[in-house]
Amino acid sequence: MFFVTTRYEVVQMKKLIVAFLKDEEGLTMVEYAIAGALISAAAVLAFTNLGTAVTAKITALTAAVNT
């Protein structure tokens, strides 16, 4: 187990935590890839749902015209 035993260690730990919280480094390549995949999946889902809705409307219109 890790125990902080001296004032110096407490100060160093505080500095490390503050530096970590202030780190504003940009997205890494992996994060960009994940974000791109999520956006692509959302677009595919949206267009699939749109296609299904359009198909249903066209089918309903065709049925109405044929009756």
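Conventions and cut-offs
- Residues numbered from 1 in each chain as written.
- Predicted model: local features only at pLDDT ≥ 70, side-chain atom pairs only at ≥ 80, totals over all residues.
- Heavy atoms only, no water.
- Helix = DSSP H or I, 4+ residues; strand = E, 2+ residues; numbered from the N terminus.
- Rg over C-alpha atoms; globule rule 2.2 N^0.38 Å.
- Buried < 20%, exposed > 50% of the residue type's maximum accessible area, 1.4 Å probe, protein only.
- Areas by Shrake-Rupley, 256 points an atom, 1.4 Å probe, with all protein chains shown as cover.
- Lys, Arg positive; Asp, Glu negative; His and termini not counted.
- Charge placed at Lys NZ, Arg CZ, Asp CG, Glu CD.
- Expected span 1.5 Å × (residues − 1).
- Patch = residues over 30% accessible without salt bridge, like charges linked within 9 Å, V, L, I, M, F, W, Y side chains within 5 Å.
- Salt bridge = Lys/Arg side-chain N within 4 Å of Asp/Glu carboxyl O.

## A word on the overall build of the chain
Piece 1. Counting secondary structure elements, the chain contains two helices and zero strands.
Piece 2. At 28 Å, the chain has a C-alpha radius of gyration far larger than the 11 Å of a compact globule built from 67 residues.
Piece 3. For the chain, the spread of C-alpha atoms along the three principal axes comes to 90 × 25 × 20 Å.
Piece 4. Across the 67 residues of the chain, 0% fall into the buried class.
Piece 5. Here the chain displays about 6400 Å² of accessible surface, and carbon together with sulfur accounts for 72% of that area.
Piece 6. Once the 5 positive and 5 negative side-chain charges of the chain are each reduced to a mean point, those two points are 10 Å apart.

## Digging into helix H1 (residues 7–22)
Piece 1. Helix length check: H1, at 16 residues, gives a terminal C-alpha distance of 23 Å against a target of 22 Å (1.5 Å per residue), a fit within 8%.
Piece 2. Within H1, only zero of the 16 residues are buried, which leaves it mostly out in the open.

## A look at the environment of Val 54
Piece 1. Within the secondary structure, Val 54 is located in helix H2 (residues 29–66).
Piece 2. Put simply, Val 54 and Val 18 are 36 residues apart on the chain and 54 Å apart in space, counted from C-alpha to C-alpha.

## Here's the deal with a negative patch on the surface
Piece 1. Residues Asp 23, Glu 24, Glu 25 and Glu 31 make up a contiguous surface patch of negative charge.
Piece 2. Relative to the helices and strands, Glu 25 is located in the loop between H1 and H2.
Piece 3. Overall, the relative accessible area of 62% leaves Glu 25 in the exposed class.

## So, a nonpolar patch on the surface
Piece 1. On the surface, Met 13, Leu 16, Ile 17, Phe 20 and Leu 21 cluster together to form a nonpolar patch covering roughly 560 Å² of accessible area.
Piece 2. With respect to the secondary-structure elements, Met 13 resides in helix H1.

## Brief notes about the environment of Glu 24
Piece 1. Within the secondary structure, Glu 24 is located in the loop between H1 and H2.
Piece 2. Overall, Glu 24 belongs to the exposed group, its relative accessible area being 73%.
Piece 3. With 28 residues separating them in the primary sequence, Glu 24 and Thr 52 have C-alpha atoms 42 Å apart.

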